[in-house]
Amino acid sequence: MSKILRYKLVKIRKPHVCFGCGRCFEPPYRMISAAAAYDGTVGSYYLCESCNKVASGLGPWPWEEFGFGDLRAAALEYEKSKK
């Protein structure tokens with residue numbers, strides 16, 4: 001079972017790659033900075049706002065439901081629907 005250690009909306013100060021969609025974002029973009037403990041290891045990642053929105057609909061434990069880049073199509077579709 002996973003445990004979220006950090007989940008915070010931050011304004012990035014250097015480029016970061018979104019774990020959900022694999023796209024690179026430049027500062028001063030706002031992203032979710034998160035860290036989780038799973039099976040005795042700790043991992044951290046960043047999510048863009050679109051991937052965060054998509055992941056929030058996956059269930060109570062979204063970080064176990066998708067891998068790197070798996071949310072790209074859904075995030076792009078979400079962004080298209082916002083316009």
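Refer to the structure above for everything that follows.
Residues numbered from 1 in each chain as written. Predicted model: local features only at pLDDT ≥ 70, side-chain atom pairs only at ≥ 80, totals over all residues. Heavy atoms only, no water.

### Quick look at the nonpolar core
Line of reasoning, step 1. In this structure, C18, F25, L47, C48 and C51 are the most contacted members of the largest nonpolar core, which totals 17 residues.
Line of reasoning, step 2. Sorting the residues of this core by element identifies β4 (30–38), β5 (41–48) and α1 (49–56) as the ones contributing at least two each.
Line of reasoning, step 3. Not counting residues within four places of it along the chain, the set of residues in contact with C51 comprises C18, G20, C21, L71 and A75. (Core = buried A, V, L, I, M, F, W, Y, C linked by side-chain atoms within 4.5 Å. Buried < 20%, exposed > 50% of the residue type's maximum accessible area, 1.4 Å probe, protein only. Helix = DSSP H or I, 4+ residues; strand = E, 2+ residues; numbered from the N terminus. Contact = heavy atoms within 4.5 Å.)

### Comments concerning the packing of aromatic side chains
Line of reasoning, step 1. Here the structure, examined in full by the defined rule, presents four aromatic pairs.
Line of reasoning, step 2. Geometrically, the ring pair formed by F25 and Y29 is stacked, given 4.5 Å between the ring centres and 25° between the ring planes.
Line of reasoning, step 3. Three or more aromatic residues joined by ring pairs form one cluster here, namely F19, Y45, F66 and F68. (Phe/Tyr/Trp six-rings, centres within 6.5 Å; stacked < 30°, edge-to-face > 60°.)

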